[in-house]
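Listed below, chain by chain, are the residues.
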Amino acid sequence: MYVEMRDICKNYGNFRASDHVSFGIEKGKLVALLGPSGSGKSTLINLISGLEKPTHGCVYVHDVNLTQLSLEEQISFRRWHIGVVFQKYNLIPAMNVFENIVLPAKLLERTVNEKEVFHLAKTLGIEEKLFQMPDELSGGQQQRAAIARAVYTHPTILLGDELTGNLDSRTSASVMELLKKISRQYQQTMLVVTHDEKIAAMADRIIRMKDGRVVEDERL
Ligand code: ADP
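Notes on the structure in this doc start here. (Residues numbered from 1 in each chain as written. Predicted model: local features only at pLDDT ≥ 70, side-chain atom pairs only at ≥ 80, totals over all residues. Heavy atoms only, no water.)

## A few points about the site of the ligand
The full set of residues close to the ligand is Y12, F15, A17, P36, S37, G38, S39, G40, K41, S42 and T43. Taking G38, its main chain carries an N or O atom lying 2.7 Å from an oxygen atom of the ligand. Separating an oxygen atom of the ligand from a side-chain N or O atom of K41 is a distance of 2.8 Å. Protein contacts shield 58% of the accessible area of the ligand, which totals 560 Å² for the unbound molecule. Secondary-structure elements contributing two or more residues to the shell around the ligand are β2 (15-25) and α1 (41-48). Per element, the largest residue contribution to the shell around the ligand is three residues, and it comes from α1. The residue inventory of the shell around the ligand, partitioned by class, reads four nonpolar, six polar and one charged. (Near = heavy atom within 4 Å. Polar contact = N/O pair within 3.5 Å; in protein donor to acceptor, adjacent residues only side chain to side chain. Areas by Shrake-Rupley, 256 points an atom, 1.4 Å probe, with all protein chains shown as cover. Helix = DSSP H or I, 4+ residues; strand = E, 2+ residues; numbered from the N terminus. Nonpolar A, V, L, I, M, F, W, Y, C, P; charged D, E, K, R; others polar.)

Right under this line is the structure:
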């Protein structure tokens, strides 16, 4: 398993946001985490991204037990292995799309392969927007740029928290199609949170949450 949650519990005071959650995700799969608001989806994303520590249980990413890393090791691990796409894109307004996409690679002191950036932008249908500023792009195009930025360094796992939440249904569907295409093409493992059944149905697998528990795990 590429990502594994082993008997995870997360308490906030007396409240249990994750209640004995266990599941594994294979490499290259696109998994949707589906459930009503408050069911504990974001909590799991925060635990996998290392932003939170579980009260009980372990999170493994790429055979590394995240719960045992020091803060410094965690920061470095996250930079190399985890890509997150937020609902609010978080593109840097003063940088054009190309500069936004390659920023994480530059922070990792990697050489930027322009051809690869163009190829990725083409896959995402934003190749003509590469040298424009984020505010010159539509919401859907900004979202694609944010996905390109998260994918370009080929993180072990790409996490998306309601990443189609601000998009209309047609754009949301095309974003999911692209994620699927990228997960196949680059063997990227992806876990995306949604409360939208139609969006979830486009994934390889749906994990349904309720009251902090996994209530159904369906492979499509
Ligand atoms: P979802 O993403 O499914 O909407 P969350 O994981 O954000 O659900 O939240 C699950 C539950 O945990 C909610 O009831 C929320 O209020 C609670 N919760 C989340 N984060 C915190 C926190 N930092 N402190 C206290 N309660 C929290």
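From this point, the discussion proceeds with the structure in view.
## Digging into the sheet that holds strand β5 (residues 64-65)
The sheet built from four strands is open, its strands ordered β2-β1-β4-β5 with antiparallel pairing. For this open sheet the edge positions go to β2 and β5, each flanked by a neighbour on one side alone. Relative to β2, strand β1 (residues 3-12) runs antiparallel, the two sharing seven bridges. Paired with K10 across the strands is S18, a residue of β2. (Pairing = 2+ DSSP bridges.)

## Observations regarding the packing of helix α4 (residues 114-123) against helix α6 (residues 169-185)
For the pair α4 and α6, interaxial distance at closest approach is 10 Å and the crossing angle is 140°. Judged by the angle between their axes, α4 and α6 are oblique. Residue-level contacts link H119, L120 and T123 of α4 to L178, K181, I182 and Q185 of α6. When the residues that make up the contact of α4 with α6 are grouped by side-chain class, the tally is three nonpolar, three polar and one charged. (Axes fitted to C-alpha atoms, helices over the stretch in contact; angles between N-to-C directions. Parallel < 35°, antiparallel > 145°, perpendicular 65-115°, else oblique. Contact = heavy atoms within 4.5 Å.)

## Some details on the layout of surface pockets
Looking at the largest pocket, its volume works out to about 510 Å³. The set of elements that each furnish at least two residues to the lining of the largest pocket consists of α2 (71-81), β6 (82-85), α3 (97-107) and α5 (139-152). Class assignment of the residues belonging to the lining of the largest pocket gives a composition of twelve nonpolar, four polar and three charged. If you add up the space inside the second largest pocket, you get close to 170 Å³. Contributing to the lining of the second largest pocket are 14 residues, with T164, S169, S172, D196 and I199 lying nearest its centre. Elements with a minimum of two residues in the lining of the second largest pocket: α6 and α7 (197-200). (1 Å grid on protein atoms, 1.4 Å probe; cavity = no way out; pocket = protein on both sides within 12 Å on 5 of 7 lines; lining within 4 Å. Points joined across faces, edges and corners; volume = space filled by probe spheres on them.)

## Considering the sheet that holds strand β8 (residues 189-194)
On the basis of which strands lie adjacent, the open sheet formed by six strands has the order β6-β7-β8-β3-β9-β10 and mixed pairing. Strands at the two margins of the open sheet, each flanked by one partner only, are β6 and β10 (213-219). For this sheet, the mean inter-axis angle between neighbouring strands, taken without regard to orientation, is 20°. As judged from the six bridges shared by strand β9 (residues 205-210) and β10, these two strands associate in the antiparallel manner. Paired with I206 across the bridge in β10 is E218. Helix-sheet contacts for α5 involve β6 and β7 (157-161), and the interaxial angle to β6 is about 175°. Sheet strands in contact with α6 are β3 (30-34), β7 and β8, and its direction is about 160° off that of β8.

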